[in-house]
Amino acid sequence: MLEYHFSNDFYRNIDAMIYTCGYENCTPGHSYGPILRNGYLIHYILDGSGIYKARGNIFRLKAGDAFLICPEELIYYEADMHTPWTYTWIGLQGIKIKGYLERTLLPKRLTVHFGRDEQLRRCHEKMAEADRLSRNRDLVMNSILYEYLFLLADKFPNEQYTHQEEKTNHVEKALQYIENHYCDPVTIQDIANHLGLNRSYLHRIFKSFTGVSIQSYLLDYRIRQACILLKTTDLSVRVISHSVSYIDPLYFSRIFHQKMGVSPSEYRKS
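Reference entry: report on the structure contained in this document. (Residues numbered from 1 in each chain as written. Predicted model: local features only at pLDDT ≥ 70, side-chain atom pairs only at ≥ 80, totals over all residues. Heavy atoms only, no water.)

A few points about the overall build of the chain
For the record, the criterion: Note on conventions: DSSP H or I runs of at least 4 residues are helices, E runs of at least 2 residues are strands, and numbering of each starts at the N terminus. The classification of residues rests on relative accessible area computed with a 1.4 Å probe and restricted to protein chains. Under 20% of the type maximum is buried, over 50% is exposed, and intermediate values are partly exposed. Surface accessibility in these figures is a Shrake-Rupley result with a 1.4 Å probe; residues are shielded only by whichever protein chains are displayed. In this count, Lys and Arg are taken as positive residues and Asp and Glu as negative ones, while His and the chain termini are left out. One atom stands in for each charge, and that atom is NZ of Lys, CZ of Arg, CG of Asp or CD of Glu.
On a plain count of helices and strands, the chain comes out with eleven helices and ten strands. Its C-alpha atoms give the chain principal-axis dimensions of roughly 65 × 45 × 30 Å. For the chain, the residues scored as buried account for 48% of the 270 residues in total. When the accessible area of the chain is evaluated, it comes to approximately 14100 Å², of which 48% is carbon and sulfur surface. Taken as two groups, the 32 positive and 30 negative side-chain charges of the chain have centres that lie 4 Å from each other.

Comments concerning the pattern of salt bridges
Which entries qualify depends on this criterion: Salt bridges are defined by distance alone: a side-chain nitrogen of Lys or Arg within 4 Å of a carboxyl oxygen of Asp or Glu.
Tallied over the full model, the rule gives nine salt bridges. Here Lys-155 makes a salt bridge to Asp-117, at a shortest N to O gap of 3.7 Å. With Lys-155 in helix α4 (residues 137-155) and Asp-117 in the loop between β10 (111-113) and α3 (118-130), the pair connects residues that are 38 residues apart, well separated along the chain. Of the charged contacts, one joins Lys-126 and Glu-147 as a salt bridge, the two residues approaching to 2.6 Å between their closest N and O atoms. On the criterion of sequence distance, the pair formed by Lys-126 in helix α3 and Glu-147 in helix α4 is long-range, its members being 21 residues apart. In this structure Glu-147 comes out as partly exposed when scored by relative accessible area, which is 30%. Connected via shared salt-bridge partners are Arg-121, Arg-122, Glu-125 and Glu-129.

What to know about the packing of helix α5 (residues 165-181) against helix α8 (residues 214-232)
Short version of the rule: Lines are fitted to the C-alpha atoms to define the axes, a helix being fitted only along its stretch in contact, and any angle between axes, read from their N-to-C directions, falls within 0 to 180 degrees. By definition, any crossing whose near helix is turned counterclockwise from its far helix by less than a right angle is left-handed, and any crossing with a clockwise turn is right-handed. Note on definitions: a residue-residue contact is assigned when non-hydrogen atoms from the two residues lie within 4.5 Å. Under this grouping Gly is polar, as are all residues other than the nonpolar Ala, Val, Leu, Ile, Met, Phe, Trp, Tyr, Cys and Pro and the charged Asp, Glu, Lys and Arg.
Axis separation between α5 and α8 bottoms out at 10 Å; the angle between their running directions is 35 degrees. For α5 against α8, the interelement crossing comes out right-handed. Across from Ala-174, Leu-175, Ile-178 and Glu-179 in α5, the residues of α8 making contact are Ile-214, Tyr-217, Leu-218 and Tyr-221. Residues of the contact of α5 with α8, tallied by class, amount to seven nonpolar, no polar and one charged.

As for the pairing of strand β9 (residues 86-93)
Remark: a regular strand shows side chains that alternate across the two faces of the sheet. Filter applied, for reference: Criterion used throughout: strands pair if DSSP finds at least two bridges between them.
Along β9, eight of the eight residues are buried, which leaves the element largely enclosed by surrounding structure. Alternating residues of β9 divide into Thr-86, Thr-88, Ile-90 and Leu-92 and Tyr-87, Trp-89, Gly-91 and Gln-93, and every residue in both groups is buried. Of the pairings in the sheet, the one linking strand β2 (residues 17-25) to β9 comprises eight bridges and is antiparallel in character. Within β9, the residue paired with Ile-18 across the bridge is Leu-92.

As for α5
To keep it simple, the criterion reads: Each residue after the first adds 1.5 Å to the expected span of a helix.
With 17 residues, α5 should reach 24 Å at 1.5 Å per residue; the first-to-last C-alpha distance of 24 Å fits that figure. Every buried residue belonging to α5 is among Thr-168, His-170, Val-171, Ala-174, Leu-175, Tyr-177 and Ile-178, and all of these are buried. Each element contacted by the buried residues of α5 is listed here: α6 (188-195), α7 (199-210) and α8.

A word on the packing of aromatic side chains
The following threshold applies: Side-chain rings of Phe, Tyr and Trp (the six-membered ring for Trp) are treated as a pair once their centres are within 6.5 Å; stacked means planes under 30 degrees apart, edge-to-face means over 60, and tilted covers the remaining angles.
This structure, assessed with the given rule, holds 19 aromatic pairs. Look at Phe-252 and Phe-256: their rings are 5.8 Å apart centre to centre, the planes differ by 55 degrees, and that puts the pair in the tilted class. Residue Phe-252 and its partner Phe-256 are both found in helix α10 (residues 249-260); the two are separated by four residues, about one turn of the helix. For the pair shown, Phe-252 and Phe-256 are each scored as buried.

Next up, the structure:
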C-alpha cells in the first residue's frame, strides 16, 4: 500500500463521514503530540510496535492492535526505536459518530486487537482505492464507513449498549423528524410533543448522543439545506428562506451570515 492522505468536507456530511484517512510507515521514534484532535481517529497497526498515551494510561501496542483517539482528549503516540510501526488511520466526524462508536468497546477501552481480521483490514485498504475516484467519492467513502462501523460493533460489542437503545431510538426519531419537517416552522417543543417526551429530557439525551443541542442541530440542518439550494438552484433568497422555514428573508440572511460568515448572495457567488 502506498502512503496516502485523504481529507473531506464535514459540512457536506453532517450525520456521519470519514473526514480523513491515511497510511504511514514511521521512522524509528517518530512521535505525534501531545495534542488534542477535533474528531475521532482509529489507527490500525499493520506492522511493528509503539506506545499510545491517553487518559493517564500508556498502552504498548503491536501489529494487529488498534487505538482510538477521542475528540478534545490529550493524546501522544510514538513509534518504537527498534521496530517502528506502520499504521493506517481513519478519521470520523458527524452528529451520529459518538453514538455509533458507543455500540463498541472502543470509547471505554481505547484499544482493541483486530488481529488478522481481513474484513476490517480491507475497509482501510478500500479507502485508499476510493481516494483515487474522481466521481461520487463521498458516497463510496460513506459506504465504507458504515460497513466499518458495523464490523466494529459486531466484533467488539458493548453489551451495556442495549440499555441505551431506548434513548438512542428517541434520538434517531428526532433526527428523522427534523429531516422530514425542517422546511416547516417546527419548534423543539413540537418535536418533543411528537415523540411524547419531556422537552428537557429530549434536550439531555440528544446532546448526550450527538454532542450538540437539538436547537443547534436544527439550525445547522436548515442552513445546510439552504446552502444546497443556493449552490444548485436559481431560486431567490426569499424563496430559499421560505423553503427552510424562515418567513422573513432578512432574518434568514442575518442567521445565515452568523453561521457561514457571508450573506446568502455572497455564498452563491463564491
